[in-house]
Amino acid sequence: MHYRRLGRSGIKVSEISLGAWVTFGNQISDKTASELVHTAFDQGVNFFDNADVYAKGKAEEVLGKVIADISREMLVISSKVFFPTMEGVNGRGLSRKHIIESIHASLRRLNLEYLDIYFCHRYDPDTTVQEVVQTMDMLIRQGKILYWGTSQWDSFHLIRAITFAKQNGLIPPMVEQTKYNLLNRSRVENDLESICREYGIGLTTYSPLSGGLLSGKYNDGIPKKSRAELDEMVWLQNEINPDTVEKVRRLTEIARGLGATTAQLAIAWLLRRKEVSSVITGASRLEQLDENLAAAEFSEKITDEVLDNIEQVFGVDTN
């Protein structure tokens, strides 16, 4: 396993990480979650991503129990705040009230004294960027979080947060978490790339296989008990169309030429980008985890010729 700095910060995260979205506390049993985390850790994964809204808090509870026997210093644990998790008009968003109450709730569920990374899960139009930056700075100085970041923030608000922090001696965000894969490219390549380079922001990217679509599992329809059957994955059902499936089939042929699976090539394609600090993967079975973690060995095999072949298949992303 290779490790990369989180932007210009000193902390290092495994270039492939394991996320709890959809699976923990929902799609898989607690026993399977434990097996996945410990197997990933044994193979060098140190970054485990979560959020307070995943499985209505149960994903954090599951991870908290699973990591209890692993040395805290060996782990990089993240969670997120924004979506509704509490009753009342202040039970969502990025107000100082909701952030403070949410970090306490997340730490209780995870049974931790601090988070390594705390993400603002979305931009909140009802809360000023100044209030968010001040609150995150306060949490860092209190030792409840070590680094903070944003998720799916547009470049305008992200730059405002960085600028306000630096102008006022506060700690700026160090990382943006965004969706990035062969089918969703424009935001990173046309927008975030320049921000990462200029401001030293790292990227943790999620959905590298676009819900499994880029693994080839949906080439012949939607299998039973797959993610696409879940109510919260309607977006994935919409993406499974003849044009996209044909692209994935062509990607599979390129992967075979490298001795890789379709999923491994899709992840390796992401790892070639220096802006990416970690590719967050998901898994419901140990076989999937092992396959994903082995993707790193193929990133160096993506020659200019292979890259050109991939570009001919996927072209310019318009999402």
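The residue numbers shown here count from 1 along each chain, following its written sequence. Thresholds applied to this predicted model are a pLDDT of at least 70 for local features of residues and 80 or more for the giving and counting of side-chain atom pairs; totals over whole chains, interfaces and linings are not thresholded and use all residues. Calculation of side-chain values draws on the structure's entire complement of heavy atoms; hydrogens and water are dropped beforehand.

S.K.: Looking at this structure, how should I read the sheet that holds strand E4 (residues 47-49)?
M.R.: Sheet strands pair by backbone hydrogen bonding; their relative direction is either parallel or antiparallel. DSSP calls a pair of strands paired once it identifies at least 2 bridges connecting them. Going along the chain from the N terminus, every DSSP run of H or I of four or more residues is numbered as a helix, and every run of E of two or more is numbered as a strand. What the eight strands build is a closed barrel, ordered E3-E4-E5-E6-E7-E8-E9-E10; its pairing is parallel. Strand after strand, the sheet turns through a mean of 30 degrees between neighbouring axes, direction not considered. With four bridges joining them, strand E5 (residues 76-81) and strand E6 (residues 115-120) adopt parallel strand pairing. Considered in E6, the bridge of Lys-80 is made with Phe-119. Interaxial angle, 0 to 180 degrees, is taken between N-to-C directions of lines fitted to C-alpha atoms, where a helix line uses only the stretch in contact.

S.K.: Hey, could you run me through the packing of helix H5 (residues 129-141) against helix H6 (residues 155-167) in this one?
M.R.: Between two packed helices, both the angle of their axes relative to each other and the distance between the axes serve to describe the pair. Remark: H5 packs on H6, axes separated minimally by 9 Å, with the N-to-C direction vectors making an angle of 55 degrees. In terms of their interaxial angle, H5 and H6 are classed as oblique. H6 is crossed by H5, and the crossing has right-handed handedness. Two secondary-structure elements touch here, H5 through Val-129, Gln-130, Val-133 and Gln-134 and H6 through His-157, Arg-160, Ala-161, Phe-164 and Ala-165. Residue classes in the contact of H5 with H6 are distributed as five nonpolar, three polar and one charged. Between 65 and 115 degrees an angle is taken as roughly perpendicular, under 35 as roughly parallel, over 145 as roughly antiparallel, and anywhere else as oblique. Helix crossings get a hand from a simple test, with the near helix turned counterclockwise from the far one by less than a right angle marking a left-handed crossing and a clockwise turn marking a right-handed one. Any two residues whose heavy atoms approach within 4.5 Å are treated as being in contact. By the convention adopted, Pro, Cys, Tyr, Trp, Phe, Met, Ile, Leu, Val and Ala count as nonpolar, Lys, Arg, Asp and Glu as charged, and the other residues, Gly among them, as polar.

S.K.: What exactly am I supposed to notice about a positive patch on the surface here?
M.R.: Patch definition: residues with relative accessible area over 30% and no salt bridge; like charges joined within 9 Å; nonpolar side chains (Val, Leu, Ile, Met, Phe, Trp, Tyr) joined within 5 Å. Residue burial considers only the protein chains on display, and all accessible areas are found by Shrake-Rupley using a 1.4 Å probe. Here, a salt bridge means any side-chain nitrogen of Lys or Arg that lies within 4 Å of a carboxyl oxygen of Asp or Glu. Positive charges come from Lys and Arg, negative ones from Asp and Glu, while His and the chain ends are left out of the count. For charged residues, the charge sits on one atom: NZ in Lys, CZ in Arg, CG in Asp, CD in Glu. On the surface, Arg-5, Arg-8, Lys-12 and Lys-166 cluster together into a positively charged patch. Its location among the elements puts Lys-166 in helix H6. Buried residues are those whose accessible area, probed at 1.4 Å on protein chains only, stays under 20% of the maximum for their type, while exposed residues exceed 50% and partly exposed ones sit between those limits. Looking at Lys-166, the relative accessible area reads 51%, which means it is exposed.

S.K.: What's the story with the nonpolar core in this structure? I'm lost.
M.R.: Buried together is how nonpolar side chains tend to be arranged in soluble globular proteins. Throughout, nonpolar core names a set of buried Ala, Val, Leu, Ile, Met, Phe, Trp, Tyr and Cys residues whose side chains join them through atoms within 4.5 Å. Phe-24 and Met-136 are the most contacted members of the largest nonpolar core, which has 91 residues in total. Those residues in contact with Met-136 that sit more than four places away from it in its chain are Val-81, Ile-99, Tyr-118, Cys-120, Ile-145 and Trp-148. In this structure, Phe-47, Ile-117, Val-175 and Ile-280 belong to the second largest nonpolar core, which totals 10 residues.

S.K.: What is the right way to read the side chain of Thr-252 from this model?
M.R.: The topology assignment puts Thr-252 in helix H9 (residues 242-258). A relative accessible area of 13% places Thr-252 in the buried class. Any pair of N or O atoms that falls within 3.5 Å is considered a polar contact. Within protein, one atom must be able to donate a hydrogen and the other to accept it, and sequence-neighbouring residues count only if both atoms are side-chain atoms. A polar contact of 2.8 Å, which involves the side chain of Thr-252, links it to the side chain of Thr-262. Setting aside residues no more than four positions away along its own chain, Thr-252 makes contact with Asn-219 and Thr-262.

S.K.: Please clarify how the environment of Ile-103 should be interpreted in this entry.
M.R.: Mapped onto the elements, Ile-103 comes out in helix H4 (residues 96-110). Overall, the relative accessible area of 0% leaves Ile-103 in the buried class. Distance from Ile-103 to Leu-139, taken between C-alpha atoms, is 8.9 Å for residues 36 residues apart in sequence.

S.K.: Whenever I open this one, the pattern of salt bridges confuses me. Can you help?
M.R.: When the charged atoms of two side chains lie near each other, side chains of opposite charge can form a pair. Counted under the stated rule, the structure contains 15 salt bridges. Across the pair Arg-4 and Glu-15 runs a salt bridge, and its minimum N-O distance is 3.1 Å. Residue Arg-4 is located in strand E1 (residues 3-5), and its partner Glu-15 is located in the loop between strand E2 (12-14) and strand E3 (16-19); the two are separated by 11 residues in the primary sequence. An identical accessibility class is assigned to Arg-4 and Glu-15; each is buried. Here Glu-101 makes a salt bridge to Lys-97, at a shortest N to O gap of 2.7 Å. Of this pair, Glu-101 and Lys-97 both sit in helix H4, four residues apart, which is roughly one turn of the helix. Glu-101 sits in the partly exposed class, given a relative accessible area of 29%. Residues participating in the shared-partner salt-bridge network are Glu-193, Arg-197, Arg-273 and Glu-275.

S.K.: Just checking my understanding: could you explain the environment of Thr-178 for this structure?
M.R.: Tracing the sequence through the fold places Thr-178 in strand E8 (residues 175-179). Those residues within four positions of Thr-178 in sequence are excluded, and the remaining contacts are Gln-152, Arg-187, Val-188, Leu-192, Leu-203, Thr-204, Thr-205 and Tyr-206.

S.K.: Teacher, can you tell me more about the packing of aromatic side chains here?
M.R.: The description of an aromatic ring pair rests on the distance of the ring centres and on the angle between the ring planes. A pair of Phe, Tyr and Trp rings is counted when the ring centres sit within 6.5 Å of each other, with Trp represented by its six-membered ring. The angle between the planes then sorts it: under 30 degrees is stacked, over 60 is edge-to-face, the rest tilted. The tally for this structure, following the rule as stated, stands at four aromatic pairs. Look at Phe-82 and Phe-83: their rings are 5.0 Å apart centre to centre, the planes differ by 80 degrees, and that puts the pair in the edge-to-face class. Look at Phe-82 and you get buried, because its relative accessible area is 6%. Judged by centre distance (5.4 Å) and plane angle (85 degrees), the rings of Tyr-123 and Trp-153 are edge-to-face. Pair noted here: Tyr-123 is in the loop between E6 and H5 and Trp-153 is in the loop between strand E7 (145-151) and H6, with a separation of 30 residues, a long-range link. For Tyr-123, a relative accessible area of 23% puts it in the partly exposed group. A residue is classified by how much of its surface remains accessible, and Trp-153, at 0% relative accessible area, is buried.

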